[in-house]
Amino acid sequence: MNQILWSFQRLRQLLKECIAERDLVTGKSLHALYIKSIVPPSTYLSNHFILLYSKCGRLSAARLAFDATPAPNVFSFNAIISAYAKDSQPHVARGLFDQIPQPDLVSYNTLISAYADRGDAAPAVGLFTGMREMGLDMDGFTFSAVITAASHDIALISQLHCLAVAGGFDSFVSVNNTLITYYSKNGDLDAAKRTFYGFDEIRDEVSWNCMIVAYGQHQEGSKALALYQEMVRRELGVDMFTLASVLTGFTCLEDLSGGHQFHAYLVKTGFHQNAHVASGLIDMYAKCQAGMLECKKIFQEIPEPDLVLWNTMISGYSQNEEFSEEAFDCFRQMQRAGHRPDDGSFVCVISACSNSSSPSQGKQIHSLVLKSDIPANQIAVNNALIAMYSKCGNLRDARRLFDRMPEHNAVSLNSMIAGYAQHGRGAESLVLFELMVETDITPNSITFLAVLSACGHTGKVEEGHKYFNMMKEKFSIVPEAEHYSCMIDLLGRAGKLKEAERLIKTMPYSPGSISWAALLSACRRHGNIELAIKAANECLQLDPTNAAPYVILANMYASAKKWEEVATVRKLMRDMGVRKKPGCSWIEVKKRIHVFVAEDSSHPLIKEIYDFLEEISMKIKIAGYVPDLSWALVQDDGTKAGEMELRLGHHSEKLAVAFGLISTKDGEPLLVMKNLRICGDCHNAIKFISAITKREITVRDAHRFHCFKDGQCSCGDYW
Ligand code: ZN
Ligand code: ZN
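In this text, all values refer to a predicted model and were calculated from it rather than measured experimentally.

Engineer: Go over the pairing of strand β2 (residues 592–597), please, and point to the residues and values.
Structural biologist: Pairing of strand β1 (residues 584–589) with β2, which is carried by 6 bridges, proceeds in the antiparallel orientation. Within β2, the residue paired with W586 across the bridge is V595.

Engineer: Any details on the coordination of the zinc ion (ligand 1)? Residues and values, ideally.
Structural biologist: At 1.9 to 2.1 Å from the zinc ion (ligand 1) lie its protein donor atoms, namely H651 (ND1), C679 (SG) and C682 (SG). When the donor residues of the zinc ion (ligand 1) are listed from N- to C-terminus, their spacing reads H-x27-C-x2-C. Residue H651 is located in the loop between α36 (641–649) and α37 (652–663), and its partner C679 is located in the loop between β3 (670–674) and α38 (680–693); the two are separated by 28 residues in the primary sequence. Of the two residues, H651 and C679, neither departs from the other in class, the shared state being buried.

Engineer: I'd like to hear about the coordination of the zinc ion (ligand 2), residue by residue, with values.
Structural biologist: Ligation of the zinc ion (ligand 2) by protein atoms is provided by H683 (NE2), H706 (ND1), C713 (SG) and C715 (SG), these donors lying 2.0 to 2.2 Å from the ion. Between the 4 donor atoms coordinating the zinc ion (ligand 2), the angles at the centre fall across 104 to 116°, so the site counts as tetrahedral.

Engineer: Could you give me a rundown of the sheet that holds β3, with the residues and numbers involved?
Structural biologist: Reading across from one edge, β2-β1-β3-β4-β5-β6 is the order of the 6 strands in this open sheet, with mixed pairing throughout. Each having just a single partner strand, β2 and β6 (712–713) make up the two edges of the open sheet. Here β3 runs beside strand β4 (residues 697–700); their pairing, made up of 4 bridges, is parallel. Bridged to M673 within β4 is R700.

Engineer: Which residues make up the pattern of salt bridges, and what are the values?
Structural biologist: Two side chains of opposite charge can pair, provided their charged atoms sit close to one another. By the definition in use, this model includes 23 salt bridges. Put simply, D489 and R493 hold a salt bridge, and the shortest N to O gap is 2.8 Å. A residue pair is termed a helical-turn pair when its members lie 3 or 4 positions apart in one helix, as D489 and R493 do in helix α29 (residues 481–493) at 4 residues. Residue R493 is classed as buried on the basis of its relative accessible area of 8%. Taking the shortest distance from any N to any O, the salt bridge between K687 and D717 comes out at 2.8 Å. Here K687 is found in helix α38, whereas its partner D717 is found in the segment after β6, with 30 residues between them in sequence. Assessed through its relative accessible area of 35%, D717 is described here as partly exposed. What you see here is one network of salt bridges that share partners, running through E230, R233 and R234.

Engineer: I'd love a proper account of unusual backbone geometry, names of residues and values included.
Structural biologist: Residues other than glycine seldom take positive phi values, yet S476 does so here, at roughly 50°. Topologically, S476 is positioned in the loop between α28 (461–473) and α29. A positive phi angle, near 55°, is found at K694, a position not held by glycine. Take K694: it is sitting in the loop between α38 and β4.

Engineer: Break down helix α6 (residues 90–97) for me, with residues and values.
Structural biologist: For α6, the complete set of buried residues consists of P90, A93, L96 and F97. Across the axial projection of α6, the buried residues extend over an arc of 115°, all falling on one side. Check the buried side of α6 and you find it contacts α4 (59–67), α5 (74–86), α7 (105–117) and α8 (121–133).

Engineer: Can you explain the packing of helix α18 (residues 292–300) against helix α19 (residues 307–318)? Please cite residues and give values.
Structural biologist: Between α18 and α19, the shortest axis-to-axis distance is 11 Å and the interhelical angle comes to 170°. The pairing of α18 with α19 is recorded here as roughly antiparallel in orientation. The two elements α18 and α19 meet at a crossing, and its hand is left-handed. Each of M292, C295, K296 and F299 in α18 lies in contact with α19, whose residues at this interface are L309, W310, M313, G316 and Y317. Counted by class, the contact of α18 with α19 contains 7 nonpolar, 1 polar and 1 charged residues.

About the criteria used
Residues numbered from 1 in each chain as written. Chains lettered and ligands numbered in written order. Predicted model: local features only at pLDDT ≥ 70, side-chain atom pairs only at ≥ 80, totals over all residues. Heavy atoms only, no water. Pairing = 2+ DSSP bridges. Helix = DSSP H or I, 4+ residues; strand = E, 2+ residues; numbered from the N terminus. Donors = N, O, S within 2.8 Å, 3.2 Å for Na, K, Ca; no water. Buried < 20%, exposed > 50% of the residue type's maximum accessible area, 1.4 Å probe, protein only. Tetrahedral: all angles 85-135°; square planar, octahedral: opposite > 155°, others 65-115°. Salt bridge = Lys/Arg side-chain N within 4 Å of Asp/Glu carboxyl O. Arc of directions from axis to C-beta. Contact = heavy atoms within 4.5 Å. Axes fitted to C-alpha atoms, helices over the stretch in contact; angles between N-to-C directions. Parallel < 35°, antiparallel > 145°, perpendicular 65-115°, else oblique. Left-handed = near helix turned anticlockwise from the far one by under 90°. Nonpolar A, V, L, I, M, F, W, Y, C, P; charged D, E, K, R; others polar.

In structure tokens form, the structure reads like this:
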């Protein structure tokens, strides 16, 4: 080896080039030569090897180089701290930081950023406070990092903003950009705007991008697009981040034709093949319900999709119930392509499990989470798991997970409160809500939806009024149309039809079909045909193709033996071409999902199922069950009572329950899902079945869970 060639200077020069190019292969051979060469051990060179390995994501090699450094100085420490920071190991970084005799600005900034990346506010703010107390120098990066760490704490962010202004750090554009981002993420668009428009000269392209994103986050799509046009007019540099954020503008306007045009522009400029932009496109098409086919086409054009793009694709599939299976496929393909799923991937695929209501798939994904390197306290993943368990009827595991979480946020509480509400366990919902009010987690409008529905499912009218007022008075949350629908539902179920009608008339929104539908089903329950006609008319004006109002009216007339009116409604349905949405029920047995429609004939075990149903219906009749033929009338015009009873006995939910009973062990609980509301006769029959077979049978219908046990249902027949 030519000793002159490998002189110190030459080595230094080559090494610097490797770092700039992130050329790990050459860098490694230089390292080998350096160790073997006569160049004396140099802290300076060691530091650069640490830097090289850190930049190339080789943590253990970086650590070896650090440990071999003859006299580590602050530069060596900073390089290795940055390597641990990148590997999301702020605690190790902290240990090293504490060994530095005199940490400098870079040491502080690196460590604060490490905490910020993990959303760990307390230690980051601790370091920041330490710097201030010791009067150490700070720069824009220090502020950007500590604001990022404060991420969810808007009060802290405003405090930091004041300090930045006082210290003149608001002249750093990066500080302002971070402020815009985090004000917006915390729902304070005004503060974001003040920051953006406040200092005209302290803005760069990134600031514009941040502000466009902020408008998109607050559903102000037209302002986002206007800002983009202003950017173009001023001939500012537009990059992939700008273009992706413009797409969020179209997304929140649900402006598909504008989106299409912009897509065409992206194709012309070649930007559509950029992973970041493609991700925005897929998100737009998925959220605007343009069909996943378009998304798939865009995705397939990207040569090497990155993790974000895979996640967008999984998220697109998981937003759509029909595509749950595709969401899993996509998740598996992503892993095969060599990507480690991150918290975002897990959140999406877990929500696909909630949609498909496949408890075994949910459990499987949960075990993957446990095996992954996602920290056990990752709040978004835990929240998704809670929602998944509760939607799959497993409230016990949902609660266990909830109790095990070291900290909660509003989403965790909302999921748990809604879970209890859906299962008819209103009291537990409200206990949790009262606990929430005592903590410093502020309830939001979604919390109140869950709380009101908890009151509705359990007939707590007074409490409902109390919470409806509380949300306005104590928390200054303006009730939305959904909250009014909940109240109408609550009043209607409790038989306060007049009050419900009055609320519909006085609510500050035009009542949607959901509010009228709530009143209509209350009328059915309480046999008020006059008001039912009115409510049905209102429903049909808003949504003429919806079969439900016709069906309810026909059933009500039938119960009152008004056969002429029944015929009129049926004729109307035929004339309008309205068809009842076919009901189907499904159940998972041995990791396979079995779907049933009424009078099913396709299932391989259908003969056994019908035989079993015949047998059990004799038993429950002896126990006191009387078939309620009013639930069979609409479809069975002109048929004889015996036939009607038979058809009633073959409703999809009864078939699914029967199949569950004959294909599982004695005592095993069953979970059946139905796409529509459970019918009244099936509800009654399953109560008897649960008593006779000594089984816990849970039915999740389109509205809630019914947990049947010992002849009772958890809804207390209040549904
Ligand atoms: Zn039924
Ligand atoms: Zn029930």
